[in-house]
Structure formats: C-alpha cells, structure tokens
Amino acid sequence: MRLLFRILIPVAAILAMFKLWLKWTTGWCRSNVRLVGKTAIITGANTGIGYETAKDLAKRGARVILACRDPTRGQKAVEKIVKATNNQNVIFKHLDLSTFESVIEFAKDINKTEARLDILVNNAGMGFRGYLKADNGFLLIMQTNYFGHFLLTNLLLDLMKKTKNSRIVNVGSIAAKFTEDFDVNQLNKYEASGHHFEVYCRSKLCNLLFTIELADRLKGTSVTTYSVHPGAVATEAFRTIPAVARIITTVLGWFMKNSLEGAQTTIYCSLQKGIENYSGEHFEDCHYVSRYKIAQDPNLPKQLWKVTEELIKTVIG
Ligand SMILES: NC(=O)c1ccc[n+]([C@@H]2O[C@H](COP(=O)([O-])OP(=O)(O)OC[C@H]3O[C@@H](n4cnc5c(N)ncnc54)[C@H](OP(=O)(O)O)[C@@H]3O)[C@@H](O)[C@H]2O)c1
C-alpha cells in the first residue's frame, strides 16, 4: 500500500503540473475589437473549435453564418449561440464540403445574398477516415479538409476583395509536420499505404501551402490570410475512431485544450489588429511561428495551387 502511494502521488503531481503547464501556455485572444456591421462565415461551426469561434464573433456583434452539413445540428448551434450572445444575426446555411456541387451552390447563394464578407474561417475538417473516397473519387479527407475549402475560398474572393480588409483563416494542424511522402502530383492517386493518419497530415499540409500561395496572390489587395494550429483539443474530432482508442482519447482529453481554448488562435487571426504583415504565415497559441520545415520549399505552394486547379477542373469542368 505504501509503495502504491509512493508511486501514485508523484505520478499525480507530474500530471497536475503538466495540466498547469498546458493552461499556462495556452494563448488567449485579448482583443476587444467589435464586429458590428461585419459578416463572418465559419465552416463546420456546429461543434468544437468552429462553434466556439462562431460564438465569439457573434458576441462581438458580427453577422455570423454557420456553414454546416447537417441542418439539425447547424440549426441547434445557431439557437444556442443566439441564446448565449443575444445576437439575432446568426444564421445557418447548408454546406457539405465533400461535394463540389454543394460548395458551388453555397458560394452562389452567398454572392447573391450577402453584401459583404469580412471573415472566412475554413475550419471544418475530419481525420481518421483513412483512404475512404468521396463520391467524386477524391480522398474524402482531402476533399473535405482541402479541396472543398480551396474552391469555396476562390468562389468568395471577389466579394472579400470588394469588402476590403477582410481575412481568410485556414485551420491547419501541426500534423502537417509529420507528412512523410508529399508529392503534389500524387494528391489523389495515393492508395492505401503507410499509416491511415497520413492522409490527414497531407490535407493539413495542403491547408498551410494554400495559405502561403493565397497570400502571395492577394498582394496588392487588402485581403489577408493566415493558417493556424489550434493545439490538441478535446472535441468531437475523435468520434469515428474505434471504441478502445476513443476511451483512451477521452482520458487524454483531460490533458488537452477545451474547444474554447482551442478556438483562440482562430479568433485571434480573424480579428487581431496589426498582424496584416504576417499574411500567409502560420500561428499557434495566438502568436506567429515560423513555417514548418516541410512547408518551406518556395516552389511547393505554387505547384500545389496549379495541380489543385487542374484536379478540380476535371470534376467541375
Ligand atoms: N481537435 C484537435 O485536436 C485539432 C488539432 C489540430 C487541428 N484541428 C482542426 O480543427 C478543425 C476543427 O476540428 P474540431 O477539433 O473542432 O473537430 P470536430 O469537433 O469534429 O468539428 C469538425 C466540424 O467539421 C464539420 N465537417 C466535417 N465534415 C464536413 C463536411 N463534409 N462538410 C461540412 N462540414 C463538415 C463537422 O460537421 P458534423 O458535426 O456534421 O460532422 C464539424 O462541424 C479541423 O480542421 C481540424 O482538422 C483540430
């Protein structure tokens, strides 16, 4: 018994210290910017990081559009945000990033009905689906996390340029760092090989490279763009993993950020004044971090953009 205590107490102390360290190092967006008169779109805003981002922007008075694939979950999130913020200008619009048809329809609707777009947060994402294919034959994770957002952003760019000083935030991940065999010419040809997390890593690297090239193309306009890593966040992201692994991640969840903490860097990049010179750069815990080594090849962002355009054209014509 004594031995048990001798082990348990130090282990508990180390874990508690780790948790304290996590809380200590979590970056918070301290900006008091108000967003009355501004419009924001957040993809995948019915839960997790996207939901907390939408709630924060609504609290600041923005018109917030929750772009979600599930109408029931989307509408429920709207009701919760309206109740929590007293901002009636929060709405749901249907967007399923796994199909280009839905992306095109959504963008058409936005361009027709919205007079401005100040903030676009490309947040929706999925992992742990390995090499599953979307209906159009693209890898589902790549389609949802990257291709869908690439098309969406491009279809909304004119509106954002017209709005002025607008921002595009791409929610990436530190997982990009762990991409092993990235080849822009293989984006959709990769077949099941390596670990199943690999597709997610590649999709998140694409989010970062997309941000770099987009910033370059936006030079001379007032639109800026940033990529972020939210940290390890206990959200519904792990809902599709096997039950045993889910139990483990639930326990580990105690050592992760909660969704509100995980949303801080996204919120920061959406509205913090004075970061415009960092367009194209990557942020963690509400501060700029240098590009991951794998994203430092100066030619890669351009190559990726070109291949992406070509691939999307093969589907939408
Ligand atoms: N959690 C982390 O530790 C972590 C770490 C690094 C990066 N991230 C990134 O953070 C972002 C948010 O993740 P999260 O942790 O908040 O995960 P989450 O709780 O699972 O939320 C993901 C959101 O994306 C939506 N989504 C999935 N597929 C979609 C589709 N085809 N069309 C439209 N929306 C779709 C989901 O909608 P449904 O509810 O309908 O499924 C949900 O609203 C993701 O890009 C993720 O890669 C998360």
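Since we're looking at a predicted model, the values are computed, not measured.

Criteria and thresholds
- Residues numbered from 1 in each chain as written.
- Predicted model: local features only at pLDDT ≥ 70, side-chain atom pairs only at ≥ 80, totals over all residues.
- Heavy atoms only, no water.
- Salt bridge = Lys/Arg side-chain N within 4 Å of Asp/Glu carboxyl O.
- Helix = DSSP H or I, 4+ residues; strand = E, 2+ residues; numbered from the N terminus.
- Buried < 20%, exposed > 50% of the residue type's maximum accessible area, 1.4 Å probe, protein only.
- Pairing = 2+ DSSP bridges.
- Contact = heavy atoms within 4.5 Å.
- Near = heavy atom within 4 Å.
- Polar contact = N/O pair within 3.5 Å; in protein donor to acceptor, adjacent residues only side chain to side chain.
- 1 Å grid on protein atoms, 1.4 Å probe; cavity = no way out; pocket = protein on both sides within 12 Å on 5 of 7 lines; lining within 4 Å.
- Sits in = over half its atoms within 2 Å of the grid points.
- Nonpolar A, V, L, I, M, F, W, Y, C, P; charged D, E, K, R; others polar.

Q: Break down the pattern of salt bridges for me, with residues and values.
A: Scanning the model with the defined rule gives 17 salt bridges in all. Glu-114 is the partner of Arg-63 in a salt bridge, and the nearest nitrogen-oxygen pair spans 2.8 Å. Of this pair, Arg-63 sits in strand β2 (residues 63–68) while Glu-114 sits in the loop between α4 (100–113) and β4 (119–122); the two residues are 51 residues apart in sequence, bridging distant segments of the chain. By relative accessible area, which is 9% here, Glu-114 ends up buried. Measuring nitrogen to oxygen at the nearest pair gives 3.0 Å for the salt bridge that ties Glu-281 to Arg-291. Within this pair, whereas Glu-281 is found in the loop between α9 (264–271) and β7 (282–284), its partner Arg-291 is found in the loop between β8 (287–289) and α10 (300–316), the two being separated by 10 residues in sequence.

Q: Describe the pairing of strand β6 (residues 224–229), and please don't skip the residues or the numbers.
A: Side-chain direction in a regular strand flips from residue to residue, so the side chains alternate between the two faces of the sheet. Of all the 6 residues making up β6, 6 are buried; the element is thus mostly covered by neighbouring parts of the structure. The side-chain alternation of β6 yields two buried faces, one formed by Thr-224, Tyr-226 and Val-228 and the other by Thr-225, Ser-227 and His-229. Examined bridge by bridge, β6 and β7 share 3 bridges and lie parallel to one another. Opposite Val-228, over in β7, you have Phe-283 as the bridge partner.

Q: A description of the side chain of Glu-281 should follow, citing residues and the corresponding values.
A: On the basis of relative accessible area, Glu-281 is assigned to the buried category, the value being 16%. When sequence neighbours within four positions are dropped, the list of residues in contact with Glu-281 reads Thr-225, Tyr-226, Ser-227, Tyr-288 and Arg-291.

Q: Residues and numbers for the site of the ligand, please.
A: Within the structure, the ligand sits among 29 residues, and Arg-69, Asn-123, Tyr-200, Val-233 and Thr-235 are positioned closest to it. Between the ligand and Asp-96 there is a distance of 3.0 Å, counted from a nitrogen atom to a side-chain nitrogen or oxygen. A distance of 2.8 Å separates an oxygen atom of the ligand from a polar atom in the backbone of Val-233. Using a 2 Å cut-off from the grid points, one finds that the ligand occupies the largest pocket. Sorting the residues of the shell around the ligand by element identifies α2 (48–59) and α6 (198–217) as the ones contributing at least two each. Grouping the amino acids of the shell around the ligand by side-chain chemistry returns 10 nonpolar, 13 polar and 6 charged.

By themselves these figures say nothing about function.
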